[in-house]
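Fold and contact review
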Amino acid sequence: MKNIIIFGAPGSGKGTYSDEIVKRYNMGHISTGDVLRGEIKNGTELGKIAKGYIDQGQLIPDDLMIDILAKVYDSHEEGRGVIFDGFPRTIAQAEALKQMLTQRGHDLGMMIELVVDEQTLMERLLRRAEIEGRADDNEETIRKRFAVYHQKTEPLAQWFEQEGIRHTFTWKGSKELMLEEIFKGIDAEN
Ligand code: ATP
Ligand code: MG
């Protein structure tokens, strides 16, 4: 299996679709958000640093993030393919990911971009706030995360375009329809 980079705004469904893809193709899953929330829950040094950024809707600094990613990646079984969920989020992270994979003789694989209108994103995140109670799912912090996304992450779509691996899927109101199209896209690449 090729690696997959799942890309999109907060609330675009990266985690939800990753779970479905992992089940169907038996891949590894690296969610940097989940890794960081795990560190916070365990009260580690890294968790303490991460919490300050996450609660403000800001990104964790690139050098720290890149370090974490390499460690988690190397803990995965080789050859099975991994989904990167929530990474990269900046051009520097993307360049570092490409370098890390190249050093190991692996490829970036394919990038799956989820495009969802902002009103739908906000509704989803506020609903999730009621269910999961994530500290960063309140309206003020969500607005900051959208702004950071537009400023630092969205330009990356063009970077993937240049790599020739960008595949865009636009929300049309149904998760089943999205999944069907995403699976077709993955099958065509493997
Ligand atoms: P969703 O999970 O709904 O897609 P999201 O993309 O905002 O929403 P996560 O990916 O879980 O959520 O990330 C939560 C927070 O963790 C981010 O707002 C950021 O502070 C931090 N974070 C996660 N991944 C990275 C990364 N690659 N670089 C920097 N910070 C990160
Ligand atoms: Mg997520």
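In case you missed it, the structure is sitting above this.
Residues numbered from 1 in each chain as written. Chains lettered and ligands numbered in written order. Predicted model: local features only at pLDDT ≥ 70, side-chain atom pairs only at ≥ 80, totals over all residues. Heavy atoms only, no water.

Taken together, the side chains of Asp117, Glu118, Glu123 and Glu154 define an acidic patch exposed on the protein surface. Inspection of the secondary structure assignment puts Glu154 in the loop between helix H7 (139–153) and helix H8 (156–163). Taking relative accessible area as the criterion, Glu154 reaches 35% and is therefore assigned partly exposed. (Patch = residues over 30% accessible without salt bridge, like charges linked within 9 Å, V, L, I, M, F, W, Y side chains within 5 Å. Areas by Shrake-Rupley, 256 points an atom, 1.4 Å probe, with all protein chains shown as cover. Salt bridge = Lys/Arg side-chain N within 4 Å of Asp/Glu carboxyl O. Lys, Arg positive; Asp, Glu negative; His and termini not counted. Charge placed at Lys NZ, Arg CZ, Asp CG, Glu CD. Helix = DSSP H or I, 4+ residues; strand = E, 2+ residues; numbered from the N terminus. Buried < 20%, exposed > 50% of the residue type's maximum accessible area, 1.4 Å probe, protein only.)

This next bit is on the site of ligand 1. Neighbouring residues of ligand 1: 20 residues in total, closest Lys14, Thr32, Gln58, Arg89 and Arg128. Between ligand 1 and Gly86, the relevant distance is 2.9 Å, taken from a nitrogen atom to a main-chain nitrogen or oxygen of the residue. A total of 610 Å² of accessible area belongs to ligand 1 in isolation, and the protein chains cover 96% of it. Per element, the largest residue contribution to the shell around ligand 1 is four residues, and it comes from helix H2 (residues 32–41). Here the shell around ligand 1 is built from residues that sort into seven nonpolar, six polar and seven charged. (Near = heavy atom within 4 Å. Polar contact = N/O pair within 3.5 Å; in protein donor to acceptor, adjacent residues only side chain to side chain. Nonpolar A, V, L, I, M, F, W, Y, C, P; charged D, E, K, R; others polar.)

Next up on the list: helix H9 (residues 175–189). Between its first and last C-alpha atoms H9 spans 21 Å; for 15 residues at 1.5 Å apiece the expected length is 21 Å, and the two agree. For H9, the set of buried residues is Met178, Leu179, Ile182, Phe183, Gly185 and Ile186. Along the axis of H9, the buried positions cluster into a sector of 160 degrees, meaning they face one direction only. Every exposed residue of H9 that faces more than 90 degrees away from the buried side is listed here: Glu176, Lys184 and Ala188. The N-cap of H9, judged by a side-chain oxygen 3.3 Å from the amide nitrogen of Glu176 a few residues on, is Ser174. (Expected span 1.5 Å × (residues − 1). Arc of directions from axis to C-beta.)

What follows deals with the environment of Leu59. Position of Leu59 among the secondary structure elements: in the loop between helix H3 (45–54) and helix H4 (62–74). Since its relative accessible area comes to 19%, Leu59 is described here as buried. Discounting residues that sit within four places of it in the chain, Leu59 has contacts with Tyr53, Arg89, Thr90, Val148 and Lys152. (Contact = heavy atoms within 4.5 Å.)

Taken across its six residues, strand E4 (residues 110–115) has five buried, putting it largely inside the fold. Note that strand E1 (residues 4–8) and E4 share five bridges and pair parallel. Bridging across to E4, Ile6 finds its partner in Ile112. One ladder, built from five bridges, connects E4 with strand E5 (residues 166–170); its direction is parallel. Looking across to E5, one finds that Leu114 is bridged to Phe169. (Pairing = 2+ DSSP bridges.)

This brings us to the sheet that holds strand E2 (residues 28–31). What the five strands build is an open sheet, ordered E2-E3-E1-E4-E5; its pairing is parallel. Two strands lie at the open edges of the sheet, namely E2 and E5, each paired on one side alone. On average, each strand axis in the sheet is tilted by 20 degrees relative to the strand beside it, whichever way the strands run. As defined by bridge partners, E1 adjoins strand E3 (residues 82–85) across three bridges and the pair is classed as parallel. For Ile6, the partnering residue across the bridge sits in E3 and is Asp85. (Axes fitted to C-alpha atoms, helices over the stretch in contact; angles between N-to-C directions.)

Right, let's get into the nonpolar core. Core analysis: the biggest nonpolar cluster contains 36 residues, and Phe84, Leu97 and Phe160 have the highest contact counts within it. Looking at this core, the elements with two or more residues in it are E1, H3, H4, E3, helix H5 (91–103), helix H6 (118–132), H7 and H8. Sorting elements by how many residues they give to this core places H4 first, with six residues. Residues in contact with Leu97, not counting those within four places in the same chain, are Ile5, Leu69, Phe84, Phe87, Pro88 and Leu108. Grouped together as the second largest cluster of nonpolar side chains are 16 residues, Ile4, Ile21, Tyr25 and Ile186 included. (Core = buried A, V, L, I, M, F, W, Y, C linked by side-chain atoms within 4.5 Å.)

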